[in-house]
Number of protein chains: 2
Amino acid sequence: MIDRRRRTVRDLRRGNRSVLLWQLYLRGTLTRNDLARATGLSAATVSNVVSQLIRDGVVVEDGSVESDGGRPHVLLRVNAGHGHLVGVDVGETRVRVELFDLSMATKAKADYGLDSGGRDVEALVGLIHAGLRAVLDNSGVPAERVLGVGVGVPGVVEHTPEAVVHGQTVGWDAVPLERLLREDTTLPLFIENGAKSMGQAEMWFGAGRGASSAVIALIGSGVGASVVANGATYRGASSSAGEWGHTTIQIDGRACRCGARGCLEAYVGAEAVLDRYREHTGTAPTAADGGEEAAVAALLDTADAGPVLDRTAVYLGAGIADLINLFNPQRIILGGWAGMLLGPRLLPGVRASAARHALRHPFGQTSIELCQLGPEAVALGAATLPMERFLSQGGTAVPAAP
Amino acid sequence: MIDRRRRTVRDLRRGNRSVLLWQLYLRGTLTRNDLARATGLSAATVSNVVSQLIRDGVVVEDGSVESDGGRPHVLLRVNAGHGHLVGVDVGETRVRVELFDLSMATKAKADYGLDSGGRDVEALVGLIHAGLRAVLDNSGVPAERVLGVGVGVPGVVEHTPEAVVHGQTVGWDAVPLERLLREDTTLPLFIENGAKSMGQAEMWFGAGRGASSAVIALIGSGVGASVVANGATYRGASSSAGEWGHTTIQIDGRACRCGARGCLEAYVGAEAVLDRYREHTGTAPTAADGGEEAAVAALLDTADAGPVLDRTAVYLGAGIADLINLFNPQRIILGGWAGMLLGPRLLPGVRASAARHALRHPFGQTSIELCQLGPEAVALGAATLPMERFLSQGGTAVPAAP
DNA sequence: GGACTTAATTTGAGTCGCGATTTAACCTGG
DNA sequence: CCAGGTTAAATCGCGACTCAAATTAAGTCC
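- Looking at an unreviewed UniProt entry, one finds chain A named Putative NBD/HSP70 family sugar kinase and attributed to Allonocardiopsis opalescens.
- Taken from UniProt, the Sequence similarities (unreviewed entry) comment for chain A reads in full: "Belongs to the ROK (NagC/XylR) family."

## Things to note about the side chain of Thr-384 of chain A
Residue and element names in this part refer to chain A.
Step number 1: By secondary structure assignment, the location of Thr-384 is in helix 13 (residues 377-392).
Step number 2: Overall, Thr-384 belongs to the buried group, its relative accessible area being 0%.
Step number 3: Of note is the side chain of Thr-384, whose polar atom sits 2.5 Å from the backbone oxygen of Gly-381.
Step number 4: Not counting residues within four places of it along the chain, the set of residues in contact with Thr-384 comprises Met-104, Gln-200, Trp-204 and Phe-205.

## Observations concerning the relation of the copies chain B and chain A
Step number 1: Placing chain B over chain A gives an RMSD of 0.1 Å and needs a rotation angle of 180°, together with 0.0 Å of translation along the axis. Here the symmetry operator amounts to a two-fold rotation axis. Scanning chain B for the C-alpha nearest the rotation axis identifies Gln-250 of chain B, at a separation of 2.1 Å.
Step number 2: A shared binding surface is used by both copies, with 100% of the interface residues of chain B retained as interface residues in chain A.

## Section: the environment of Ser-116 of chain B
Step number 1: Tracing the backbone through its elements, the reader meets Ser-116 of chain B in the loop between strand 6 (106-113) and helix 4 (121-139).
Step number 2: Separated by 54 residues in sequence, Ser-116 of chain B and Val-170 of chain B have C-alpha atoms that sit 9.3 Å apart.

## Here we look at the sheet that holds strand 11 (residues 189-193) of chain B
All names here are of chain B.
Step number 1: In spatial order, the strands read 6-5-4-7-11; together these 5 strands make up an open sheet with mixed pairing. Looking at strand neighbours, the two that pair on one side only are strand 6 and strand 11, the edges of this open sheet. Pairwise comparison of adjacent strand axes, ignoring direction, gives a mean angle of 15° for this sheet.
Step number 2: This element, helix 6 (residues 194-205), spans strand 7 (146-153) and strand 11 of the sheet and lies at about 100° to strand 11.
Step number 3: Of the strands in this sheet, strand 4 (84-90), strand 5 (94-101), strand 7 and strand 11 are in contact with helix 13 (residues 377-392), which crosses strand 4 at around 140°.

## Points about the nonpolar core
Step number 1: Counting 99 residues, the largest nonpolar core has Trp-244 and Ile-320 of chain A together with Trp-244 and Ile-320 of chain B as its most contacted members.
Step number 2: In this structure, Trp-244 of chain A is in contact with Ala-217, Val-223, Gly-224, Ala-225, Leu-264, Leu-316, Gly-319, Ile-320 and Leu-323 of chain A together with Leu-326 of chain B, ignoring residues within four places of it in sequence.

## Remarks on the interface of chain B and chain A
Step number 1: Listed per partner, the contact involves 70 residues of chain B and 71 residues of chain A.
Step number 2: For the chain B and chain A pair, buried surface summed over both sides reaches about 5,900 Å², with 58% attributable to carbon and sulfur atoms.
Step number 3: Viewed at the interface, chain A and chain B are joined by 2 salt bridges.
Step number 4: Across the contact surface, chain B and chain A share 28 residue pairs in polar contact (both at pLDDT 80 or more).
Step number 5: Put simply, the parts of the chain that give the side of chain B that touches chain A at least two residues each are helix 1 (9-27), strand 8 (156-159), helix 10 (306-327), helix 11 (337-357), helix 12 (360-364) and helix 13 of chain B.
Step number 6: Here the side of chain B that touches chain A gets 9 residues from one element, more than from any other, and that element is helix 10 of chain B.
Step number 7: Considering only residue class, the side of chain B that touches chain A consists of 29 nonpolar, 26 polar and 15 charged.

## Side note on the domain arrangement of chain A
Step number 1: Looking at chain A, the domain boundaries give domain 1 (9-78), domain 2 (83-199 + 378-392) and domain 3 (211-372).
Step number 2: Summarising the inter-unit geometry, the C-alpha centres of domain 1 of chain A and domain 3 of chain A are found 43 Å apart.

## Overview of the side chain of Ser-238 of chain B
Step number 1: Its place among the elements puts Ser-238 of chain B in the loop between strand 14 (232-233) and helix 7 (265-268).
Step number 2: Those residues in contact with Ser-238 of chain B, other than ones at most four positions away along the chain, are Asn-328, His-361 and Gln-365 of chain A together with Val-156, Val-157 and Glu-158 of chain B.

## Considering the protein's contact with DNA strand D
Step number 1: Close to DNA strand D lie 26 residues; Ser-47 and Gly-69 of chain A together with Asn-16, Thr-45 and Gly-69 of chain B are nearest.
Step number 2: Across the atoms of DNA strand D situated within 4 Å of the protein, the share located in sugar and phosphate is 72%.
Step number 3: Val-74 of chain A has a polar backbone atom sitting 3.1 Å from a phosphate oxygen of DNA strand D.
Step number 4: Take Asn-16 of chain B: an N or O atom from its side chain is 2.7 Å from a phosphate oxygen of DNA strand D.
Step number 5: Contributions of two or more residues to the surface near DNA strand D are made by helix 2 (32-39), helix 3 (43-55) and strand 3 (73-78) of chain A together with helix 1 and helix 3 (43-56) of chain B.
Step number 6: If one sorts the elements of the surface near DNA strand D by residue count, helix 1 of chain B sits on top with 4 residues.
Step number 7: In terms of residue class, the surface near DNA strand D is built from 9 nonpolar, 11 polar and 6 charged.

## Overview of a negative patch on the surface
Step number 1: On the surface, Asp-115, Asp-120, Glu-122 and Glu-183 of chain A cluster together into a patch of negative charge.
Step number 2: As for its position among the elements, Asp-120 of chain A is in the loop between strand 6 (106-113) and helix 4 (121-139).

## Observations regarding the protein's contact with DNA strand C
Step number 1: The environment of DNA strand C is made up of 27 residues, and the closest members are Arg-13, Asn-16 and Thr-45 of chain A together with Ser-47 and Arg-71 of chain B.
Step number 2: Taking the atoms of DNA strand C that fall within 4 Å of the protein, sugar and phosphate contribute 74% of them.
Step number 3: Within the side chain of Arg-13 of chain A, a nitrogen or oxygen atom sits 2.7 Å from a phosphate oxygen of DNA strand C.
Step number 4: In the model, a base nitrogen of DNA strand C is placed 3.4 Å from a nitrogen or oxygen of the Arg-71 of chain A side chain.
Step number 5: When contributions to the surface near DNA strand C are tallied by element, the ones reaching two or more residues are helix 1 (9-27) and helix 3 of chain A together with helix 2 (32-39), helix 3 and strand 3 (73-78) of chain B.
Step number 6: A per-element tally of the surface near DNA strand C places helix 1 of chain A first, with 4 residues.
Step number 7: Of the residues contributing to the surface near DNA strand C, the split by class is 10 nonpolar, 11 polar and 6 charged.

## A closer look at the packing of helix 1 of chain A against helix 3 of chain A
All names here are of chain A.
Step number 1: Contact geometry of helix 1 with helix 3 gives a least axis separation of 10 Å together with a crossing angle of 85°. As judged from the angle between their axes, helix 1 and helix 3 are roughly perpendicular. Contacts between helix 1 and helix 3 involve Arg-13, Arg-17, Leu-20 and Leu-21 on the former and, on the latter, Val-46, Asn-48, Val-49, Val-50, Gln-52 and Leu-53.
Step number 2: Across the contact of helix 1 with helix 3, the residue classes tally to 6 nonpolar, 2 polar and 2 charged.

## Some details on the sheet that holds strand 10 (residues 172-175) of chain B
All names here are of chain B.
Step number 1: An order of 8-9-10 is seen for the 3 strands of this open sheet, with the pairing classed as antiparallel. Unpaired on one side and paired on the other, strand 8 and strand 10 mark the two borders of the sheet. On average, each strand axis in the sheet is tilted by 15° relative to the strand beside it, whichever way the strands run.
Step number 2: Two strands pair when backbone bridges link them, and strand 8 and strand 9 (residues 163-167) are joined in this way by 4 bridges, in the antiparallel orientation. Residue pairing in the sheet places Val-157 in a bridge with Val-165 of strand 9.

## Remarks on the packing of helix 9 (residues 291-301) of chain B against helix 11 of chain B
Residues and elements named next belong to chain B.
Step number 1: Direction vectors running N to C along helix 9 and helix 11 enclose 5°, while the axes themselves pass 10 Å from each other. Classified by the angle between their axes, helix 9 and helix 11 sit roughly parallel to one another. For the pair helix 9 and helix 11, the contacting residues are Glu-292, Glu-293, Val-296, Ala-297 and Leu-300 in the first and Trp-337, Leu-341, Leu-342 and Arg-345 in the second.
Step number 2: Partitioned by chemical class, the residues of the contact of helix 9 with helix 11 number 6 nonpolar, no polar and 3 charged.

## Brief notes about the pattern of salt bridges
Residues and elements named next belong to chain A.
Step number 1: A full pass over the atoms with the stated rule returns 34 salt bridges over all chains.
Step number 2: Between Asp-56 and Arg-17 there is a salt bridge; the shortest N-O distance is 2.9 Å. Of this pair, Asp-56 sits in the loop between helix 3 and strand 2 (59-65) while Arg-17 sits in helix 1; the two residues are 39 residues apart in sequence, bridging distant segments of the chain.
Step number 3: You can call Arg-17 buried: its relative accessible area is 4%.

Calculation notes
Residues numbered from 1 in each chain as written. Chains lettered and ligands numbered in written order. Predicted model: local features only at pLDDT ≥ 70, side-chain atom pairs only at ≥ 80, totals over all residues. Heavy atoms only, no water. UniProt positions renumbered as here; feature names shortened; annotations may be inferred. Helix = DSSP H or I, 4+ residues; strand = E, 2+ residues; numbered from the N terminus. Buried < 20%, exposed > 50% of the residue type's maximum accessible area, 1.4 Å probe, protein only. Polar contact = N/O pair within 3.5 Å; in protein donor to acceptor, adjacent residues only side chain to side chain. Contact = heavy atoms within 4.5 Å. Least-squares fit on C-alpha atoms with pLDDT ≥ 70 in both. Pairing = 2+ DSSP bridges. Axes fitted to C-alpha atoms, helices over the stretch in contact; angles between N-to-C directions. Core = buried A, V, L, I, M, F, W, Y, C linked by side-chain atoms within 4.5 Å. Buried area = accessible area lost by both parts, 1.4 Å probe. Salt bridge = Lys/Arg side-chain N within 4 Å of Asp/Glu carboxyl O. Nonpolar A, V, L, I, M, F, W, Y, C, P; charged D, E, K, R; others polar. Domains from an automatic or database assignment. Near = heavy atom within 4 Å. Patch = residues over 30% accessible without salt bridge, like charges linked within 9 Å, V, L, I, M, F, W, Y side chains within 5 Å. Areas by Shrake-Rupley, 256 points an atom, 1.4 Å probe, with all protein chains shown as cover. Lys, Arg positive; Asp, Glu negative; His and termini not counted. Charge placed at Lys NZ, Arg CZ, Asp CG, Glu CD. Parallel < 35°, antiparallel > 145°, perpendicular 65-115°, else oblique.

In structure tokens, the structure reads:
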């Protein structure tokens, strides 16, 4: 039912500022003429809008290129120093706070352990605030120049309209995280599921670049997915879309920690793979005391793990085939820490299994690849949220001018 | 990445015409003041735009309502006679052509059998043209006043940019249907998968009214789905999204006609249910010679069909749970001819099974209901495609004025 | 019949994007 | 060194747009 918003004459200018900014941001440096050609706007309007953007400090001229006989082109780019962004990665064991400039270069970091396993929300909120202060102090960036703070959290984020987080794995039930954070900061907050923000990082800077639709399949201890459709993260009615781990792959199959049976997560998550190896061989995998990650790494070198891993590829391929059939994406991107560890070993088997289980036509339109960014991209992805807003608003919501 | 289109000053007026038209179309009759409140536009602008719409014949005044002491409100509505729409339903056995006015009231119908099972594309194209001529002649509507022709077809429709149809069930491999139809008509064509156009009919006029996201699950001989997200049909990268029937519900399970094993369609489509009944009892269901539809109807009255039907509800519920987990829709709507036949019997079991297999949170946000329109809604849904375009363009693309 | 209410239109001002024109900044060739 | 050529960018005038305020229209009520 398309766009239901009214248009005022101001929206015109804001929209065109946004169109030009997105172009400059995604394609690097361009001339005014390039912008006119790329957007379809007249050269007059581009010139006019760009001069306004330069006056606002959002865009800067960046050298020139001589042409063959005429006035040289002036190159334009987004002013990386015009503002800053904060990305926060709330994990189950750590909180990471990272400060970026507009080119997404890291300017400062702070990193804290969480001993309560993330259950203690007040302590977590305190650490986020401490991290915020730390990155601002260390970099000397004044708070007024921060365009926003993106926070990636484990769990479903509902916007009602304030962000409320439901996180089973950390025992959160409707934690009003936005309100809690708001008590100690006035910066714009963007709270989002960590898997979705990682997916966005992968789309902007990783294996998803250039695609407008993709599904990022994340395999860690459990299994999740981030769906990108028409260039934007797909959230569904209450932001819990993409719960791929609990789709049924085997009716009445293995018990899953969600209480149901036969979930994909009960077969292909790190925990499930280790369990299945134990059942298969009767022994625990080596290095099991080094944690799940070490155990999975050890599994790859274990001689008798072959059948378990091959079978995992079959399950995973079937799960991916479901994604292909239902979402018809341009790409499937395999990520998550276990996905990165197991990926190279499993990928051929996964591709074969997906080809068997998916319909020919959508399978032919997609490719199955490994991710390019690691799990530490959550903070980066979280920082893209205020950036997305900034660009879409045409670089208004500008912090206090210098 | 949001809207990448430039804005010109003309888009403003067209956009606001569109906003007002959508309001009038969806909510029936409104006054100018209602429109101003609903859209946020100023009363001045609404008055201005509406007078233009009235001058163009798109909108008409429709009586007035006295207010308590002031000037009476004038009611406005879309002029149902301003133009007409054609919906074509291409099935495997029939072609139906239907003419509607803008209020979607049927003005004429034509209906032809297809003996080739739809394989003979040239014959089909001839019948569509014959139907077009017939409905126009019978109703006396001149072709210039038809805003467009929507065609719902069995198979995947790829827009490259001309619509090309891939239909396994009718043996079509890349049939350039748009080009073929274009040879004999200049009317705007909108070719779409029949399941998706039925889904759109259900969203506009059936069980989906008022929802902005839903999945319409269609059970016929096979199984399919139409996904609606953010108020628009979700198509994916190459328009084949929503192939729910071939998601895997049981690894290495029953063989499916697609060649894979364990597809949902191998358990819950009409064909599969009848097969499973035969295997269960060793006998064919009564009235099997009356076709699948009669056989399914007979099955419902058969004493020993209980276990097969109960088990079907379990499978169907698990498949629906996958949709809930992945798409997080506001509603699940159960349709298709077999879905309508079996629905009342299966629904309690389906709901219970979906509750067991879906995550608590997204399951709590959705409801599972029966559809309100029958399979004959394909033509209606196809006719909504030109209507959607007409409204989104603000009632421009107007046929020659009377 | 005059005061009051509410709906709708008109008016005047401020913005916007575009096409045409002008200015700016460079090259080349004699 | 300088006229002529070439391309990029800025400027100008025009038509179109929305909005707030003022005005007109069409009723009710005492």
